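Residue-level structural notes
One letter stands for each residue in the lines below.
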Amino acid sequence: MSAIRPNMDQVKELMSAPDTGPVVMLNLLKFKERASDGAGAGSEAYARYGDSVTKMVEQRGGKVLWSGKAEQVLIGDAAQDWDAVALVEYPSRKAFIEMTSTKEYDAAHEHRAAGLERTIVVACSERTRAL
């Protein structure tokens, strides 16, 4: 079973990273067939989380840039398939950390934990120069 929350080293790294502008969180999501809370499919539990958290993101000046179905692994381990991908922009790393540190977020996170089999979340910043 993979982690659904970051470990302390990952949190410390995020908190110590330069915070000079927006951060986009790339979310790769694999849902449980059945939610562990018994309330429907894993994707349904995650949708309840998403509905709550989208409001929290927007209250902090962020937005969901894109979300959709992951259809195939083109490069990489096909056994590590994903069900969905989401790109969520926050005005800063600080805004993300503050949001995920609230009791309101903790309550919503219960649906996330109930619905996700595994996930990867990558903090991304805009490139300032060409590759």
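One can find the structure itself at the top, above this paragraph.
Residues numbered from 1 in each chain as written. Predicted model: local features only at pLDDT ≥ 70, side-chain atom pairs only at ≥ 80, totals over all residues. Heavy atoms only, no water.

Examining the overall build of the chain
Along the backbone of the chain there are 4 helices and 4 strands. Along the chain direction, N to C, the helices and strands of the chain fall in the order α-β-α-β-β-α-α-β. Compactness check: the chain gives a C-alpha radius of gyration of 15 Å against a globular reference of 14 Å for 131 residues, within 12% of the reference. Overall, the C-alpha framework of the chain stretches about 40 × 40 × 25 Å when taken along its three principal axes. Burial status across the chain gives 34% buried among its 131 residues. Expressed as a percentage of contacts within the chain between residues at least 6 apart in sequence, the contacts between residues at least 24 apart total 77%. When the accessible area of the chain is evaluated, it comes to approximately 8,600 Å², of which 53% is carbon and sulfur surface. Positive and negative side-chain charges in the chain, numbering 17 and 19 respectively, have mean positions lying 3 Å apart. (Helix = DSSP H or I, 4+ residues; strand = E, 2+ residues; numbered from the N terminus. Rg over C-alpha atoms; globule rule 2.2 N^0.38 Å. Buried < 20%, exposed > 50% of the residue type's maximum accessible area, 1.4 Å probe, protein only. Contact = heavy atoms within 4.5 Å. Areas by Shrake-Rupley, 256 points an atom, 1.4 Å probe, with all protein chains shown as cover. Lys, Arg positive; Asp, Glu negative; His and termini not counted. Charge placed at Lys NZ, Arg CZ, Asp CG, Glu CD.)

Considering the nonpolar core
Residues V53, Y90 and M99 are the most contacted members of the largest nonpolar core, which totals 20 residues. Residue assignment for this core shows that the elements contributing at least two residues are β1 (23–31), α2 (42–59), β3 (84–90), α3 (93–100) and α4 (103–115). Leave out the neighbours within four places in its chain, and V53 touches M99, Y105 and A108. (Core = buried A, V, L, I, M, F, W, Y, C linked by side-chain atoms within 4.5 Å.)

Re the packing of α2 against α4
Taken N-terminus to C-terminus, the directions of α2 and α4 make an angle of 150°; their axes are 7 Å apart at the nearest point. Here α4 runs roughly antiparallel to α2, going by the angle between their axes. Between α2 and α4 the crossing geometry is left-handed. For the pair α2 and α4, contact is made by G42, A45, Y46, R48, Y49, S52, V53, M56 and Q59 and by E104, Y105, A108, H109, H111, R112, A114 and G115, respectively. The residue inventory of the contact of α2 with α4, partitioned by class, reads 8 nonpolar, 6 polar and 3 charged. (Axes fitted to C-alpha atoms, helices over the stretch in contact; angles between N-to-C directions. Parallel < 35°, antiparallel > 145°, perpendicular 65-115°, else oblique. Left-handed = near helix turned anticlockwise from the far one by under 90°. Nonpolar A, V, L, I, M, F, W, Y, C, P; charged D, E, K, R; others polar.)

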